[in-house]
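# Understanding the architecture of this molecule
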Amino acid sequence: MAGNDWINSYLEAILDVDTGINDNNNNKSSSLLLRERGRFSPAQYFVEEVITGFNETDLHRSWVRASSIRNSEERNTRLENMCWRIWTLARKKKQIEVEESQRRTKRRLERENAHREATADMSEDLSEGEKGDTVGDISVRGDSVRGRMPRVSSIDMMANLASPHADKKLYIVLVSLHGLIRGENMELGRDSDTGGQVKYVVELARALGSTPGVYRVDLLTRQVLAPDVDWTYGEPTEMLNPLNPENHLNEIGESGGAYIVRIPFGPKDKYLSKEVLWPHIPEFVDGALGHILQMSKVLGKQIGSEKPLWPIAIHGHYADAGNSAALLSGVLNVPMVFTGHSLGRDKLEQLLNQGRQSREEINSTYKIMRRIEAEEITLDVSEVIITSTRQEIEEQWRLYDGFDPVLERKLRARIKRNVSCHGRFMPRMVVIPPGMEFRNIVSQDGDIDGEIEGNEDSYGAHDPPIWSEIMRFFTNPRKPMILALARPDPKKNLITLVKAFGECRQLRELANLTLIMGNRDAIDDMSSTNSSVLLSILKLIDKYDLYGQVAYPKHHKQSDVPDIYRLAAKTKGVFINPAYIEPFGLTLIEAAARGLPIVATKNGGPVDIHRVLDNGVLVDPHDHQSIADALLKLVSEKQLWCRCRDHGLNNIHLFSWPEHCKTYLARVTSCKQRQPKWRRSENANADSESDSPGGSLRDIHDLSLSLKISLDGEKNEGIGSLVLKGQEMATDRNANQIKSAPLKLSANESMEKQESSRFPSLRTRKFIVVIAVDSDSVADILDITKIIFEAVKTDNKDTTASQHSIGFILSTSWSMSEINCVLEKAGLKSSYFDAFICNSGSEIYYPSPNSSESQYIMDSDYHPHIDYRWGGESLRNTLVRWANSINDKKKEPVITELDSGSSHCYEFRVRDPSLIPPFKELRRLMRIQALRCHAIYCKNGERINVIPILASRAQALRYLYVRWGMELSKVVVFMGESGDSDYEGLLGGLHTSVILKGLSIGAASKIHDNRSYPLEHVIPTDNTKSVECDKCDRDGIKATLGKLGLGLLKS
């Protein structure tokens, strides 16, 4: 076992222990003998060090300690237990590998079956068109630019960029939540969350803000007021300096340009890692929604438009921001763009292959399944997904249920030919490499040799301070510098790099090694993973006696990085990125721009970069010998070094920010533009307020509420009736649809309704109570509703909602017809409510202004708002086939289709919830077939509602905010201890949650037993906006409302 001498020692220890045991009193029981030796307890050691440790790094450390023990018996005992530990590790790793192999096989078969079914629906031969477009064209451009090209700065390119969008006024929203983000002096490497992504999003925002046609760019992130971080991260707004400040200031408006906008969410005084941000995402979405609505209205006025300037796209970065962007995109009805940066499924595969942790342990540490689900949601909602490389598409995104490259090409071909896709949708994958800013790059074309040779004896008194900080490590600082710039993270593979350098004598004689590994004060203060890597590097430096040849400074500023590259170039050095896998490799572009040849991993983005720049060598990151050979070749062969340098400098402009922004805007503006649209009456006043919160309602026609639905079939048979679930279901599906007729009002009558319309009350309420308790009985829900009414109602006899400062909304999975059937039996009137959110959030109703009749008005603007990617009848056919397949397997009718009376909700009755797959499996099946929807298990698992991907009860509340200006901070949501499968969406946000103890804890809680991630991963543990109500009666609810400041309210 070359390179694993310590494992050989384990094997030798086994022989030593075996010999010693046989010679010691002829005792046949070695285990018993070992247990009785002195004070050392192998059993205790095995439990404490072997079972609970489970880490190869710790294993090696334990071996070192055990080998150093002088007492031979105790040493051999410990080493024998270490051998047991290796056996345990190997056995557990084998078990994990078998389980994962079985899981992958099952997954592959399911995907193949689903794809066959999807292809069967699209049986038309598209052999020519299905070839589709190439995934990216950067390699084509790169291969065609081998000649020398003039290098220009980003400012020049931006000024001369002939953009087709120059006459437009575009508003773009970027979202990046984790890490510490600011425009200047970024603390890159401070922790694992503040890395390349932070730099990328800041520079992207700055570059887009300087692009002709872009009026404003907002980069939304988290406001951090923690005492252990700089105060600048608590500033609500920070303007980013434009690329060309002289010309740009004359072009932007009062609020134009690029800004970092920090939204407060989560604990105000804590800086949180990305793994624990998930419970606080709803709060961010609510806060970001308020900012975007306000800014859209302000920008609309500034550009002279009567309408708000809605974002042309909301662009999420990483899974947490992608989930947030999906929710914002849905409620605003604007296109979404996503960049993954790194992907959860790929990380899960790597961690499982290491064999150190089981799937459950990985999920507990990294919340990986929540992250994967967020990435699946981005596939459901995104119009465009931007990747840096082809590898990300072909090897990483294809691991997801919601994306298949072959099916994506087929769907794209059908769209081009105007052929039906049968309700199937797939996001467009686009390769756009990250850009780079050339402002601070000193051109060194052709003068590097002279500069070095002419300044042999002195590096200058005015050299950057970071140069002396690095060169103090070296005995001979004039040797070529091998530069690596990465965090001390195991996946960055710096240990293999040091080993390659240490074992190659020729390389050590010709070059120095510089490791820029972030910033640190004390090793003990670093995370266990980072400190372990750093300690291993220091041990290797000592092992190979590399003192005077390796630099590893403790601190550097972000502004020092260009100077570090320049120092390496002055010494005719080489930049290396030896990571096991690199999603893109922005540092490779930065190094090439300073004239440094590169050595990079052959796994991931560097392949595409090298194809364009042709300025170095790709290596196997696991082979330290190939790394040493590549470095030695570039350092020792001067002509090769010069050729790689020239190729990099000649072609680097292809990775400029202007090129990136040009391609970016072309892709984003090609998306089908959507935005909130409230249809208005032709007779509406020309000077009426815009369709944003705060605008008053003019009349019922203005609201587009043209449907008047009677729920009394006997009195209004001519108008139509709803299907009442309490009655026997009719066999004809079409006969059971909700029928409607236009509201019959004359012009005068409409004007009278204008003043008496009750809908504006949603934004004038002091508080709004939302009843979202889930149950398998609508009567039980209304009983709870009645108790809540009694707890909050005032002394006035008239409990009509519009007469009070407290409004009510009923939010449920039941249909409007089912609610109306028992509403008055429960002693409640429709006029008590401001709105009804029905069918799990796929429909919204309002009580008719004419309270003398039992009538409801449907918000017909809501259906177009949530119609995005709704599969319609094709989705229904697939669901019916799925239900029939389950019935065939069980040989009895387990699932029966019902008529929800809605065009945007397909409902199924479940006879026995234990006989059907969990909701995550149905959701997965729909995604594999490119059908985008929400499958919600409700009513204690006895019903399944399938609704549009942009619809949910939580999103319906946000819609009411956007539509009517209902303040979310004034909302109080009553819910049980558990509920339908969409329960988690109602838990967080700006609203206050009241958990009614003892409700929905039986069958409803079983819905969540088979989740892909635990509910605990998305529930805030320290949520000040959530309160529990122990007694679900009038007095208990009153006491709880008193804690919230509602108890003393009077009309």
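About the thresholds
- Residues numbered from 1 in each chain as written.
- Predicted model: local features only at pLDDT ≥ 70, side-chain atom pairs only at ≥ 80, totals over all residues.
- Heavy atoms only, no water.
- Helix = DSSP H or I, 4+ residues; strand = E, 2+ residues; numbered from the N terminus.
- Buried < 20%, exposed > 50% of the residue type's maximum accessible area, 1.4 Å probe, protein only.
- Contact = heavy atoms within 4.5 Å.
- Areas by Shrake-Rupley, 256 points an atom, 1.4 Å probe, with all protein chains shown as cover.
- Patch = residues over 30% accessible without salt bridge, like charges linked within 9 Å, V, L, I, M, F, W, Y side chains within 5 Å.
- Salt bridge = Lys/Arg side-chain N within 4 Å of Asp/Glu carboxyl O.
- Lys, Arg positive; Asp, Glu negative; His and termini not counted.
- Charge placed at Lys NZ, Arg CZ, Asp CG, Glu CD.
- Pairing = 2+ DSSP bridges.
- Axes fitted to C-alpha atoms, helices over the stretch in contact; angles between N-to-C directions.
- Parallel < 35°, antiparallel > 145°, perpendicular 65-115°, else oblique.
- Nonpolar A, V, L, I, M, F, W, Y, C, P; charged D, E, K, R; others polar.
- pLDDT = per-residue confidence, 0-100.
- 1 Å grid on protein atoms, 1.4 Å probe; cavity = no way out; pocket = protein on both sides within 12 Å on 5 of 7 lines; lining within 4 Å.
- Points joined across faces, edges and corners; volume = space filled by probe spheres on them.
- Phe/Tyr/Trp six-rings, centres within 6.5 Å; stacked < 30°, edge-to-face > 60°.
- Lys NZ or Arg CZ within 6 Å of the ring centre and 35° of its normal.
- Core = buried A, V, L, I, M, F, W, Y, C linked by side-chain atoms within 4.5 Å.

Of the regular secondary structure elements, the protein holds 37 helices and 28 strands. When each of the 1051 residues of the protein is scored for burial, the buried share is 58%. A separation threshold of at least 6 residues defines the contact pool for the protein, and within that pool the share at least 24 residues apart is 74%. Here the protein displays about 44,000 Å² of accessible surface, and carbon together with sulfur accounts for 48% of that area.

Let us now look at a negative patch on the surface. On the surface, Asp 776, Asp 780, Asp 783 and Glu 942 cluster together into a patch of negative charge. Tracing the sequence through the fold places Asp 780 in helix H30 (residues 778-792). Judged by its relative accessible area of 38%, Asp 780 is partly exposed.

The backbone of His 341 sits at a positive phi, close to 65 degrees, despite the residue not being glycine. By secondary structure assignment, the location of His 341 is in the loop between strand S6 (336-339) and helix H12 (344-354). Even without being a glycine, Asn 839 presents a positive backbone phi close to 50 degrees. Tracing the chain through its elements places Asn 839 in the loop between strand S19 (835-838) and strand S20 (843-847).

So, about the sheet that holds S6. In sheet architecture, strand pairing relies on hydrogen bonds along the backbone and comes in two forms, parallel and antiparallel. An order of S3-S4-S2-S1-S5-S6-S7-S8 is seen for the 8 strands of this open sheet, with the pairing classed as mixed. This sheet does not close on itself; its edge strands, each paired only once, are strand S3 (237-239) and strand S8 (428-431). Going across the sheet, the axis of each strand differs from the next one's by a mean of 20 degrees, ignoring polarity. With 3 bridges joining them, S3 and strand S4 (residues 257-263) adopt antiparallel strand pairing. Across the sheet, Thr 237 pairs through a bridge with Val 261, a residue of S4. Its contacts with the sheet put helix H8 (residues 196-209) on strand S1 (170-175), strand S2 (214-222), S4 and strand S5 (313-317), and the angle it makes with S2 is roughly 160 degrees. Contacting S1, S2, S4 and S5, helix H10 (residues 281-302) crosses the sheet at an angle of about 165 degrees to S2.

Summarising the element assignment, Gly 604 is placed in the loop between strand S13 (598-601) and helix H24 (606-613). In sequence terms Gly 604 and Glu 395 are 209 residues apart; their C-alpha atoms lie 9.1 Å from each other.

Another aspect to go through is the pairing of strand S27 (residues 992-996). For S27, the tally of buried residues reaches 5 of 5 residues, placing the bulk of the element in the interior. Every second residue of S27 is oriented toward a common face, with Thr 992, Val 994 and Leu 996 on one face and Ser 993 and Ile 995 on the other, all of them buried. Inspection of the sheet shows strand S26 (residues 971-976) paired to S27 by 5 bridges, in the parallel sense. Note that in S27 the partner of Met 975 across the bridge is Ile 995. Across 4 bridges, S27 lies against strand S28 (residues 1026-1029) in parallel orientation. Looking across to S28, one finds that Leu 996 is bridged to Cys 1029.

Moving on to the packing of helix H13 (residues 359-366) against helix H14 (residues 368-381). Their axes nearest at 6 Å, the elements H13 and H14 cross at an angle of 75 degrees. Here H14 runs roughly perpendicular to H13, going by the angle between their axes. Residues Arg 359, Ile 362, Asn 363 and Tyr 366 of H13 touch H14, and the partners they reach there are Ile 368, Met 369 and Arg 370. Classifying every residue of the contact of H13 with H14 by side-chain character gives 4 nonpolar, 1 polar and 2 charged.

Structurally, the α-helix is built with 3.6 residues per turn, so residues lying three or four positions apart point the same way. Burial analysis of helix H34 (residues 919-928) places 7 of its 10 residues in the buried class, which makes it a mostly covered element. Every buried residue belonging to H34 is among Phe 919, Leu 922, Arg 923, Arg 924, Met 926, Arg 927 and Ile 928, and all of these are buried. Backbone geometry just after H34 places Ala 930 at a positive phi near 65 degrees.

Here we take up the confidence of the model for the protein. Scored by pLDDT, the protein comes out at a mean of 79, with 74% of its residues at no less than 70. Counted against residues more than four places away or in other chains, residues 443-459, with its pLDDT under 50, gives 26 contacts. Contacts of residues 680-758 to residues separated by more than four positions or lying in other chains number 140 contacts, the stretch itself having pLDDT below 50.

Roughly 1,100 Å³ of volume is contained in the second largest pocket. The wall of the second largest pocket is formed by 34 residues, among which Glu 383, Phe 425, Lys 672, Tyr 868 and Arg 869 lie closest to the centre. Elements that contribute at least two residues to the lining of the second largest pocket include exactly helix H16 (405-416) and helix H32 (862-866). By residue number, the principal contributor to the lining of the second largest pocket is H16, which donates 5 residues. Across the lining of the second largest pocket, the residue classes break down as 12 nonpolar, 8 polar and 14 charged.

The subject of this paragraph is empty space enclosed by the protein. Following the criterion strictly, the structure yields 9 cavities of 30 Å³ or more and no others. Leu 327, Ile 377, His 934, Glu 984 and Gly 985 are the residues nearest the centre of the largest cavity, which is lined by 36 residues in total. Considering only residue class, the lining of the largest cavity consists of 18 nonpolar, 9 polar and 9 charged.

Side chains carrying opposite charge are able to pair once their charged atoms draw close together. Applying the stated criterion to the full structure yields 44 salt bridges. Note that Arg 182 and Asp 230 form a salt bridge whose closest N and O atoms lie 3.3 Å from each other. Taken as a pair, Arg 182 in the loop between S1 and H8 and Asp 230 in the loop between S2 and S3 lie far apart in primary sequence, 48 residues in all. The exposure class assigned to Arg 182 is buried, which follows from its relative accessible area of 12%. Salt-bridge contacts for Lys 997 lead to Glu 977; the nearest nitrogen and oxygen are separated by 3.2 Å. Of this pair, Lys 997 sits in the loop between S27 and helix H36 (1003-1006) while Glu 977 sits in the loop between S26 and S27, and the two are 20 residues apart along the sequence.

All right, on to the packing of aromatic side chains then. How two aromatic rings sit relative to each other is given by the distance of their centres and the angle of their planes. Inspection of every chain in the model, using the stated rule, returns 15 aromatic pairs. One aromatic cluster in this structure is built from Phe 789, Phe 808, Tyr 832, Phe 833, Phe 836 and Tyr 856. When the ring centre of Trp 814 is taken as origin, the NZ or CZ atom of Lys 939, which lies over that ring, is 4.0 Å away.

With respect to the helices, strands and loops of the structure, Gln 354 is situated in helix H12. The spacing of Gln 354 and Glu 97 is 257 residues in sequence and 9.6 Å in space, taken between C-alpha atoms.

If you look at the biggest cluster of nonpolar residues, it comprises 99 residues, and the most contacted ones within it are Phe 284, Ile 314, Leu 332, Trp 397, Ile 809, Leu 960 and Met 966. Element by element, the count of residues in this core is highest for H10, at 9 residues. Not counting residues up to four positions away in its chain, the partners in contact with Met 966 are Leu 762, Arg 763, Ile 768, Ile 809, Leu 957, Leu 960, Tyr 961 and Val 971. One finds Met 471, Met 481, Ile 589 and Leu 634 within the second-largest nonpolar core, a separate group that totals 73 residues.

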